[in-house]
Every structure is written in C-alpha cells, then in structure tokens.
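Secondary and tertiary structure notes
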Amino acid sequence: MFKLTGKVAAVTGGTGVLGEVMCRALAKAGAAVAVMGTTEEKTRRLAESIQADGGRALGVAVDVTEKASLEAALSRTLDAFQQVDLLVNAAGGNKPQASTSPTQAFFDLPAEALREVVDLNLVGTLLPAQVFGKHMAERQSGNIINISSMAASRPLTRVLAYGGAKAAVDNFTRWAAVHFAKEYSPNIRVNAIAPGFFLTEQNRFLLTDKATGDLTPRGKAIIEHTPQGRFGEPDDLIGTLLWLASDASRFVTGIVVPVDGGFSAFSGV
C-alpha cells in the first residue's frame, strides 16, 4: 500500500536539509526521483548518491520562481522518466532581512527582502504546481504535496513574510485540491505537510547561537511549548510523506497534516 514502485517523483528544494531526506525516502520506496535544486552540482551529487544506493534519480537545476526554468526541468524529467506522478514542493525558507529582531523593527523591513521570501515560499509553490500540474491534468492522474509550516496556522513572532507566505500555501493547497479534482480529474490529489520546528539553514539563526551553538531564548521557548520536548528530525517527516505520496491515502485530498511534536495542540498552560 505504501510502495511507490513505477512512480516518478519531482522534488523541489531537493538538496535542502528536509528535501534530501525526502528524495532518499521516495527512492527507497521505489520511485524514480528528479532531485531539483538551485545548484546543478548539488543535485547531481545527490542523484548519484541515490543511484549508488540502488535507486533511480536525476539531478536538475531549477529556479522555482521562474516558469521557463520549471518547464525546462519538467522536460528533462520527462526525457529521463517519461512521466511525473508526484510533485513535492519542498523549496522554501526564510532570511534574516525579512524577520523582525531587536535591531530590526517591523517598520524597517526592506520590501525587497519581504518579496523574496514571499516569492520563494508562495510563488515557488504555485509555479511548480502550474507546470507539473498541467502534465498531471493531461494524464488525468497525479499527486502534489506542498510543504507548509507551523507558522501558517499559528502566527509566530519575527517571521512575518515567511508565516504569511506559508498561510497562503495552506490556502492554495485546499483551493488546488478542489480545482484539480473538479476541473481535471478526481485522480489528482493535493495535500500539504506542516512541519513543526526542525533545524535548517534557514531558521538556525533564530534558534541557536552562532558562536556557542546553544539555544536562543526563542529556541528554548519552542522546546518548552513542544510537548515531545525536542526539535524534529528530518526522518520524522517520512511516514507522513510516504502516506500522502502512496495509495494508502488515495481518498485524502485538501488537508494540511501537522508533524510538530504536539506544538499546535499546546496552549502553553
């Protein structure tokens, strides 16, 4: 039920901390994987590593905010694997310039930094769904999994642009689930995963002290408000990913699944 043998998956953000683990897990489950990231060399190295472990993979450089780049990536994937059954939109992230801090007030956040974060997280989810979703619509079958965040449903201090963009991703996930099923095929599903707090290159500056590696006050507050008492490990996402990617969830569409150690359930009291 959870096997992906014969399926082809495209993963944006595939060379990131979470994306790499997803690519490897999809390959182990039997899927051929198009590893998509901003750097050709990184995607190629990961694809070769997956191949060395017995999987099928292709490295593809892509800019998820440029439709032409995505169309070229789709073309390369089809040349290699003839189809795409699954799109995982794992590209995303934040940047310090778009976050408030003791030294950067909301009133001073530069518009360009805000746009970059919104473009990466929201536009970088919409455009891949356009390009790869059109292929799925033509085939009358497909599966899209977006990566959201706890910042979408429970607005977090500091990360204004990131939280807003991820909230829009949640909205888009539900909209697209209905749109694809009604307009093209009920065999096209769209869901999302909302990770809790995982240490990545994009949020490390907020959660740990660069000099000592110790938790910042924000990092400590997160652990205190996570009932399971720890940050997530990338492997913690894999069970949910494979469930949504496979026929095990064939009657599931339009949902956002929290994988957060209980953070969203805890009021702090």
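Keep in mind it's a predicted model, so treat the numbers as computed, not measured.

1. Considering the environment of Val 64
In this structure, Val 64 sits in the loop between β3 (56-61) and α3 (67-81). The spacing of Val 64 and Glu 201 is 137 residues in sequence and 18 Å in space, taken between C-alpha atoms. Apart from residues lying up to four places away in sequence, Val 64 is in contact with Thr 12, Leu 70, Ala 91, Leu 120, Val 123, Gly 124, Leu 127 and Pro 128.

2. Some points on the pattern of salt bridges
With the rule as written, the count across this model stands at 9 salt bridges. Between Arg 76 and Glu 40 there is a salt bridge, with the nearest N and O atoms lying 3.5 Å from each other. Residue Arg 76 is found in helix α3, and its partner Glu 40 is found in helix α2 (residues 40-52); the two are separated by 36 residues along the sequence. A salt bridge links Glu 48 to Arg 44; the nearest nitrogen and oxygen atoms lie 2.7 Å apart. Of this pair, Glu 48 and Arg 44 both sit in helix α2, 4 residues apart, roughly one helical turn. Its relative accessible area of 39% is what places Glu 48 among the partly exposed residues. For Arg 44, a relative accessible area of 34% gives the class partly exposed. Connected via shared salt-bridge partners are Glu 41, Arg 44, Arg 45 and Glu 48.

3. Points about the side chain of Asn 143
Turning to its location among the elements, Asn 143 is positioned in strand β5 (residues 142-147). In this structure the side chain of Asn 143 is engaged in a polar contact, spanning 3.5 Å, whose partner is the backbone oxygen of Ala 245. Excluding anything up to four places from it in sequence, Asn 143 contacts Asp 85, Leu 86, Leu 87, Met 136, Arg 189, Leu 244 and Ala 245.

4. Observations concerning the pairing of strand β4 (residues 86-89)
Across the two faces of β4 the burial is the same, with Leu 86 and Val 88 and Leu 87 and Asn 89 all buried. With 4 bridges joining them, strand β1 (residues 8-12) and β4 adopt parallel strand pairing. The residue bridging Ala 10 from the neighbouring strand is Leu 87, located in β4. Between the parallel elements β4 and β5, the chain passes through helix α4 (residues 111-139) in a crossover that is right-handed.

5. Points about the packing of α4 against helix α6 (residues 160-183)
It is the contact of α4 with α6, at a shortest axis distance of 8 Å, that shows an interaxial angle of 15°. With respect to α6, the element α4 is oriented roughly parallel. Handedness of the α4/α6 crossing: right-handed. Contacts from Leu 114, Val 117, Val 118, Asn 121, Leu 122, Thr 125, Leu 126, Ala 129 and Gly 133 of α4 reach α6 at Leu 160, Ala 161, Tyr 162, Ala 165, Lys 166, Ala 168, Val 169, Phe 172 and Phe 180. Here the contact of α4 with α6 is composed, by residue class, of 14 nonpolar, 3 polar and 1 charged.

Reading the values: rules and limits
- Residues numbered from 1 in each chain as written.
- Predicted model: local features only at pLDDT ≥ 70, side-chain atom pairs only at ≥ 80, totals over all residues.
- Heavy atoms only, no water.
- Helix = DSSP H or I, 4+ residues; strand = E, 2+ residues; numbered from the N terminus.
- Contact = heavy atoms within 4.5 Å.
- Salt bridge = Lys/Arg side-chain N within 4 Å of Asp/Glu carboxyl O.
- Buried < 20%, exposed > 50% of the residue type's maximum accessible area, 1.4 Å probe, protein only.
- Polar contact = N/O pair within 3.5 Å; in protein donor to acceptor, adjacent residues only side chain to side chain.
- Pairing = 2+ DSSP bridges.
- Right-handed = clockwise from strand over helix to strand, strands pointing away.
- Axes fitted to C-alpha atoms, helices over the stretch in contact; angles between N-to-C directions.
- Parallel < 35°, antiparallel > 145°, perpendicular 65-115°, else oblique.
- Left-handed = near helix turned anticlockwise from the far one by under 90°.
- Nonpolar A, V, L, I, M, F, W, Y, C, P; charged D, E, K, R; others polar.

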